[in-house]
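Structural characterization, general
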Amino acid sequence: MGSLSSNNSPMAPLHVDAYNTPPSSSISPSTSSWKSIRWSLLLLNCSFMAIGTIGGPLLLRLYYLHGGARRWLSSALQNGGFPILFIPLLVLYARARARGVPPRKFFIEPKLILATAVIGVLQGFCNFTYALGLSYLPVSTSSLLFATQLAFTAVFALLIVKYKFTAYSINSVILMTLGSILLGLRTNGDRPDGVSRGKYFLGFFVTLGSALLSGFILPSIEWAYSQASKKITYTVVLQFQLGVALFATIFSGLGMLINNDFKVIPREAREYELGHGMYYFVLVAAAVIFQFAFIGSLGVIFCTTSLFSGIFSAVLLPFTEIAAVIVFHENYTGEKGMALALCLWGFVSYFYGEYRMTKKAEETTSPQPQP
């Protein structure tokens, strides 16, 4: 894969072979089939993101609503499902050995391992702030606030991978910021039972902090890909995700150890309102579902860019809100409706701006008619 920072399109095509990328001469005769593979992989990862982005917060809120109270445990669940990545990696490794691919070409290079460690620790802290915020906020409010991730991703993409701002992207950032401010103006009809005004605002601001950190992490992953010496394949993406999830889980595990969560889990399971067995089912299901979200996010970055990954995550916002209202009967206030409208307006503004930029680029690169 070439440097991602040199392409400003949110749909920049990247190579998707599991082990190695065929040379350009071998791609030319089958361009349509190659595009089909790329789009199939993109759709698969978008599906993973949708499952995790919608289902993960619902399961985490279910844990809190019925007696769960361990924030570091909730943080660990968001990346703790990483062992499932060994299944596809073992299959791909067996296929690579059968094809004669040497191990040095299969495994991730050291500089990317270092990147996974740094990003993993940041991801672990991001997970904790998100879990803390969700313990005090309804899912619908938390999702609206976390949608500001798109604005932060745009800013950090400008700084880290040199994306260009347009009037439309600036408009998108302003609209989403206004939506978040609107949510903070009135809280009486939104606060869950037993949550004080101070705790509500704590959840409000730590969720914004989590969105900011997530907005920094996505372009950082793209930058790490661009610094690799070898071409980035989907096998490398899976290994990168494994490393990030491992270090994020270690970070959360240390928090659990300091906070004595491991000792409290059996007692919390016995006292869980939905039952002992349901307690562990919720934990395992949350770990697996959240892992879908992270696999999908890195896969979308691989197929496109970090900014598009942030955009697609934000597009899933209305579905997360609707699911929360249906499942938990959350109060859908007028402020939430207006904040959602502002966020959707911001999304539309961004997409329209990208459409205009793409059309302009096509007109600039199209061959001029001969006289």
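Nothing here was measured: the structure is a model prediction, and the numbers come from that model.

1. Focus: the overall build of the protein
From N to C terminus, the protein includes 16 helices and zero strands. Contacts in the protein between residues at least 24 apart in sequence constitute 84% of all its contacts with a sequence separation of at least 6. Working note: accessible area of the protein is about 16900 Å², and carbon and sulfur atoms make up 69% of it.

2. Concerning unusual backbone geometry
One non-glycine residue, Asn-260, lies in the positive phi region at around 60°. Following the sequence through the fold, Asn-260 ends up in the loop between helix H11 (234-258) and helix H12 (261-271).

3. A few points about the pattern of salt bridges
In the structure shown here, the tally under the stated rule is two salt bridges. Ionic pairing is found between Asp-261 and Arg-70, a salt bridge with its closest N-O pair at 2.8 Å. Pair noted here: Asp-261 is in helix H12 and Arg-70 is in the loop between helix H2 (31-65) and helix H3 (71-77), with a separation of 191 residues, a long-range link. Taken individually, Asp-261 and Arg-70 each receive the classification buried, so the pair is uniform in this respect.

4. A word on the packing of aromatic side chains
By the definition in use, this model includes 18 aromatic pairs. For the pair Tyr-63 and Tyr-279, a centre-to-centre distance of 6.1 Å together with 50° between the ring planes defines the contact as tilted. Of this pair, Tyr-63 sits in helix H2 while Tyr-279 sits in helix H13 (residues 276-303), and the two are 216 residues apart along the sequence. Taken together, a centroid distance of 5.9 Å and an interplanar angle of 90° make the contact between Tyr-200 and Phe-201 edge-to-face. Here the aromatic cluster, defined as three or more aromatic residues joined through ring pairs, consists of Tyr-63, Tyr-64, Tyr-272, Tyr-279 and Tyr-280.

5. A closer look at the environment of Ile-108
With respect to the helices and strands, Ile-108 occurs in the loop between helix H5 (103-106) and helix H6 (110-134). The spacing of Ile-108 and Lys-230 is 122 residues in sequence and 9.2 Å in space, taken between C-alpha atoms. Ile-108 has contacts with Ile-113, Thr-116, Val-236, Gln-239 and Phe-240, leaving out every residue within four places of it along the chain.

6. Section: the nonpolar core
Counting 42 residues, the largest nonpolar core has Leu-112, Ile-221, Tyr-225, Ile-232 and Phe-240 as its most contacted members. Within the residue set of this core, elements represented by two or more residues are H2, helix H4 (86-98), H6, helix H10 (197-226), H11, H13 and helix H14 (306-315). When residues of this core are assigned to their parent elements, the largest contribution, eight residues, is made by H11. Leu-77, Phe-128, Leu-134 and Ala-286 belong to the second largest nonpolar core, which has 41 residues in total.

7. Looking at the side chain of Gln-239
Considering the arrangement of structural elements, one finds Gln-239 in helix H11. By relative accessible area, which is 10% here, Gln-239 ends up buried. Setting aside residues no more than four positions away along its own chain, Gln-239 makes contact with Leu-89, Phe-106, Phe-107 and Ile-108.

8. Observations concerning H11
If you check H11, its first and last C-alpha atoms are 36 Å apart, about what 25 residues at 1.5 Å a residue would give, namely 36 Å. In terms of burial, H11 is largely enclosed, as 18 of its 25 residues are buried. Remark: Asn-260 follows H11 within two positions and exhibits a positive phi of approximately 60°.

9. Considerations on the side chain of Thr-129
Residue placement: Thr-129 occurs in helix H6. Discounting residues that sit within four places of it in the chain, Thr-129 has contacts with Val-206 and Ser-210.

10. Some points on the state of the cysteines
Evaluation of the coordinates by the stated rule reveals zero disulfides. Cys-46 forms no disulfide, and the closest cysteine sulfur to it belongs to Cys-303, at a distance of 8.1 Å.

11. A look at the packing of H11 against H12
How two helices pack is summed up by the angle between their axes together with the distance between the axes. At a minimum axis separation of 6 Å, H11 and H12 run at an interaxial angle of 75°. One way to sum up the angle between H11 and H12 is to call them roughly perpendicular. Between H11 and H12, the contacting residues are Gly-253, Met-256 and Leu-257 on the first element and Asp-261, Phe-262 and Ile-265 on the second. Looking at the contact of H11 with H12 residue by residue, the classes come out as four nonpolar, one polar and one charged.

12. Examining the confidence of the model for the protein
Looking at the protein, the pLDDT average stands at 79 and 82% of residues meet or exceed 70. Within the model, the stretch residues 1-31 combines pLDDT values under 50 with 71 contacts to residues more than four positions away or in other chains.

13. Considerations on the environment of Gly-52
Locating Gly-52 in the fold gives a position in helix H2. By relative accessible area, which is 1% here, Gly-52 ends up buried. The spacing of Gly-52 and Ile-289 is 237 residues in sequence and 4.9 Å in space, taken between C-alpha atoms. In contact with Gly-52, not counting residues within four places along its chain, are Pro-57, Ile-289, Phe-292 and Ala-293.

14. Points about a nonpolar patch on the surface
Taken together, the side chains of Leu-246, Ile-250, Leu-254, Leu-257 and Phe-262 make up a nonpolar region of the molecular surface, amounting to roughly 480 Å² of accessible area. Take the nonpolar patch: its biggest share by element is four residues, from H11. Among the secondary structure elements, Leu-254 is positioned in helix H11. For Leu-254, a relative accessible area of 49% corresponds to the partly exposed category.

15. Description of the environment of Leu-202
Within the secondary structure, Leu-202 sits in helix H10. You can call Leu-202 partly exposed: its relative accessible area is 39%. Taking the C-alpha atoms as reference points, Leu-202 and Tyr-136, 66 residues apart in sequence, are found 8.0 Å from one another.

Each value, and the rule that gives it
Each residue is numbered by its place in its chain's sequence as written, counting from 1. Reporting of local features is limited, given that this is a predicted model, to residues whose pLDDT is at least 70; pairs of side-chain atoms are given and counted only at 80 or more, and all residues count toward the totals for whole chains, interfaces and linings. Side-chain figures throughout are based on the complete set of non-hydrogen atoms in the structure, without hydrogens or water. Only DSSP runs of H or I reaching four residues or more are called helices, and only runs of E reaching two or more are called strands; each is numbered from the N terminus. Contacts are assigned to residue pairs that have any heavy atoms within 4.5 Å of one another. Note on areas: these come from Shrake-Rupley sampling with a 1.4 Å probe, and a residue is covered only by the protein chains present in the view. Any Lys or Arg side-chain nitrogen found within 4 Å of a carboxyl oxygen on Asp or Glu counts as a salt bridge. Summary of the burial criterion: residues with accessible area below 20% of their type's maximum are buried, those above 50% are exposed, and those between are partly exposed, where the area comes from a 1.4 Å probe applied to protein chains only. Think of it this way: a Phe, Tyr or Trp ring, Trp meaning its six-membered ring, pairs with another when their centres are within 6.5 Å, and the plane angle makes it stacked under 30 degrees, edge-to-face over 60, tilted otherwise. We define a nonpolar core as any set of buried Ala, Val, Leu, Ile, Met, Phe, Trp, Tyr and Cys residues linked to one another through side-chain atoms lying within 4.5 Å. Here a helix's expected span is defined as the number of its residues, less one, multiplied by 1.5 Å. Criterion for a disulfide: a pair of cysteine sulfur atoms within 2.5 Å. Helix axes are fitted only over the stretch in contact, all axes being lines through C-alpha atoms; the angle between N-to-C directions runs from 0 to 180 degrees. Here is the rule for angles: anything less than 35 degrees is roughly parallel, anything more than 145 is roughly antiparallel, 65 through 115 is roughly perpendicular, and the remaining ranges are oblique. Under the grouping applied here, Gly and all other residues not named as nonpolar or charged are polar, the nonpolar ones being Ala, Val, Leu, Ile, Met, Phe, Trp, Tyr, Cys and Pro and the charged ones Asp, Glu, Lys and Arg. Confidence of the prediction at every residue is given by pLDDT, a number between 0 and 100. Like charges within 9 Å and nonpolar side chains (Val, Leu, Ile, Met, Phe, Trp, Tyr) within 5 Å are joined into patches, using only residues over 30% in relative accessible area that form no salt bridge.

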